[in-house]
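Listed below are the residues making up each chain.
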Amino acid sequence: MFMSYENRKLVSDIKQKGYLKSKELEQAILDLPREKFVSGSLKRFAYEDIPISIGHRQTVSQPSTVVIMTEALDVKKTDKILEIGTGSGWQSSILSKLTKKNVYTIERIHELAESAKSNIKEMGIKNVKVIEGDGSKGLKKYALYDKIIVTAASPELPKPLLDQLKIGGKMVIPLGDYYSQEMFVVTKRGKGKYDKVSIGFFNFVPLLGKYGFEERK
Ligand code: SAM
């Protein structure tokens, strides 16, 4: 069930909202049908501009939000990217089409990490590496990164992520409380130094971990 008409309609809806200026990003969305990243009866909502449940109280983000964050990240072909919050694997798959280097993506929920791996494999993508763990600590093994994207809300900028970003590198991250967050584009200017610019308000699931929110039992 590859609904290319619906996918093209989604792309045109996002453009009408004033986003999606990049031709490459548009092609990546067309090449990566969102229905392949959601399951069962939810596939029928895949081309609506809404978040969709992927189980475990998590969601694949709204397509226009994915576009806003990806464009803000300003990906270059030579960028090594770290994503925190793999979820379905749709965002990391999109990023994989924009760079020739690896995209490392961390997910804390085992079942989601496994299903993302299989979604990414099904798309024939080779440059996304899914790692299971607490992404609020980053991924020291492959640091430094040119770009970091955090697809869950954090109460503050996790220090390890800033440390693992190259000088001149960019991080896109929603910061705030459990209920509402402001999205920032953070540019690293030196050791422990950065600028941050707001690009609007969003609602994300929480980043749960050592440098994020504490898990509520
Ligand atoms: N980018 C995803 C996609 O394309 O489907 C959507 C991400 S969803 C909005 C946020 C994800 O962040 C959830 O899958 C959640 O389990 C994960 N998450 C939350 N805290 C995390 C942490 N500390 N480390 C890694 N993943 C985390």
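It should be noted that the structure appears before, not after, this text.
Below or above, wherever it landed, is the structure these notes cover. (Residues numbered from 1 in each chain as written. Predicted model: local features only at pLDDT ≥ 70, side-chain atom pairs only at ≥ 80, totals over all residues. Heavy atoms only, no water.)

**Notes on the pairing of strand E6 (residues 145-150)**
No. 1: Buried residues dominate E6, accounting for six of its six residues.
No. 2: Across four bridges, strand E3 (residues 81-84) lies against E6 in parallel orientation. Each bridged residue has a counterpart across the sheet, and for glutamate 83 the counterpart in E6 is isoleucine 149.
No. 3: Pairing analysis gives four bridges linking E6 to strand E7 (residues 165-176), with the strands arranged parallel. Within E7, the residue paired with lysine 147 across the bridge is lysine 170. (Buried < 20%, exposed > 50% of the residue type's maximum accessible area, 1.4 Å probe, protein only. Helix = DSSP H or I, 4+ residues; strand = E, 2+ residues; numbered from the N terminus. Pairing = 2+ DSSP bridges.)

**Looking at the pattern of salt bridges**
No. 1: Inspection of every chain in the model, using the stated rule, returns 13 salt bridges.
No. 2: Put simply, lysine 9 and aspartate 13 hold a salt bridge, and the shortest N to O gap is 3.3 Å. Highlighted residues: lysine 9 and aspartate 13, both in helix H1 (residues 4-16), separated by four residues, approximately one helical turn.
No. 3: Here lysine 9 falls in the partly exposed class, since its relative accessible area comes to 39%. (Salt bridge = Lys/Arg side-chain N within 4 Å of Asp/Glu carboxyl O.)

**Points about the layout of surface pockets**
No. 1: Counted as a void, the largest pocket has a volume near 570 Å³.
No. 2: Taken together, 38 residues line the largest pocket, and the ones lying closest to its centre are Gln58, Thr59, Thr151, Ala152 and Val205.
No. 3: At the level of secondary structure, the elements contributing two or more residues to the lining of the largest pocket comprise strand E2 (58-60), helix H3 (63-73), E3, helix H4 (90-98), strand E4 (103-107) and strand E9 (193-202).
No. 4: Partitioning the lining of the largest pocket into residue classes produces 18 nonpolar, 16 polar and four charged.
No. 5: Looking at the second largest pocket, its volume works out to about 210 Å³.
No. 6: Every residue lining the second largest pocket is listed: His56, Arg57, Gln58, Arg108, Ile109, Tyr178, Val205, Pro206, Leu208, Glu215 and Arg216.
No. 7: Across the lining of the second largest pocket, the residue classes tally to five nonpolar, two polar and four charged. (1 Å grid on protein atoms, 1.4 Å probe; cavity = no way out; pocket = protein on both sides within 12 Å on 5 of 7 lines; lining within 4 Å. Points joined across faces, edges and corners; volume = space filled by probe spheres on them. Nonpolar A, V, L, I, M, F, W, Y, C, P; charged D, E, K, R; others polar.)

**With respect to the site of the ligand**
No. 1: Contacts to the ligand come from 27 residues, most closely from Ser88, Glu107, Asp134, Gly135 and Leu208.
No. 2: Interatomic distance of 2.8 Å between a backbone N/O atom of glycine 135 and a nitrogen atom of the ligand.
No. 3: For the ligand, the accessible surface in isolation is 600 Å², of which the surrounding protein chains cover 99%.
No. 4: Judged by its atoms lying within 2 Å of the grid points, the ligand is housed in the largest pocket. (Near = heavy atom within 4 Å. Polar contact = N/O pair within 3.5 Å; in protein donor to acceptor, adjacent residues only side chain to side chain. Areas by Shrake-Rupley, 256 points an atom, 1.4 Å probe, with all protein chains shown as cover. Sits in = over half its atoms within 2 Å of the grid points.)

**Section: H4**
No. 1: Of all nine residues that make up H4, eight are buried, and the element is covered over most of its length.
No. 2: Within H4, the full set of buried residues consists of Trp90, Gln91, Ser92, Ser93, Ile94, Leu95, Ser96 and Leu98.

**With respect to the nonpolar core**
No. 1: Ranked by internal contacts, the top residues of the largest apolar core, which has 44 residues, are Ile29, Trp90 and Ile94.
No. 2: Counting residues per element, the ones that place at least two in this core are H1, helix H2 (23-31), strand E1 (52-55), H3, H4, helix H5 (110-122), strand E5 (128-132) and strand E8 (181-190).
No. 3: The leading source of residues in this core is H3, at six residues.
No. 4: Apart from the residues within four sequence positions on either side, isoleucine 29 is in contact with Asn7, Val11, Leu20, Val67, Trp90 and Ile94. (Core = buried A, V, L, I, M, F, W, Y, C linked by side-chain atoms within 4.5 Å. Contact = heavy atoms within 4.5 Å.)

**Focus: the packing of H1 against H2**
No. 1: Their axes nearest at 9 Å, the elements H1 and H2 cross at an angle of 145°. For the crossing formed where H1 meets H2, the hand is right-handed. On the side of H1, the interface is formed by Asn7, Arg8, Val11 and Lys15, while H2 contributes Lys23, Glu26, Ile29 and Leu30.
No. 2: Its residues assigned to classes, the contact of H1 with H2 shows three nonpolar, one polar and four charged. (Axes fitted to C-alpha atoms, helices over the stretch in contact; angles between N-to-C directions. Left-handed = near helix turned anticlockwise from the far one by under 90°.)

**Considering the environment of lysine 43**
No. 1: With respect to the secondary-structure elements, lysine 43 resides in the loop between H2 and E1.
No. 2: Within polar-contact distance, the side chain of lysine 43 engages the backbone oxygen of valine 38 at 3.0 Å.

**As for the packing of H2 against H4**
No. 1: It is at 9 Å that the axes of H2 and H4 come closest, and there the two elements cross at 130°. Judged on the interaxial angle alone, H4 and H2 are oblique. Crossing hand, H2 versus H4: right-handed. In contact with Glu24, Leu25, Ala28 and Ile29 of H2, H4 contributes Trp90, Ile94, Lys97 and Leu98. (Parallel < 35°, antiparallel > 145°, perpendicular 65-115°, else oblique.)

Interpretation note: all reported values are geometric properties and have no functional meaning in isolation.
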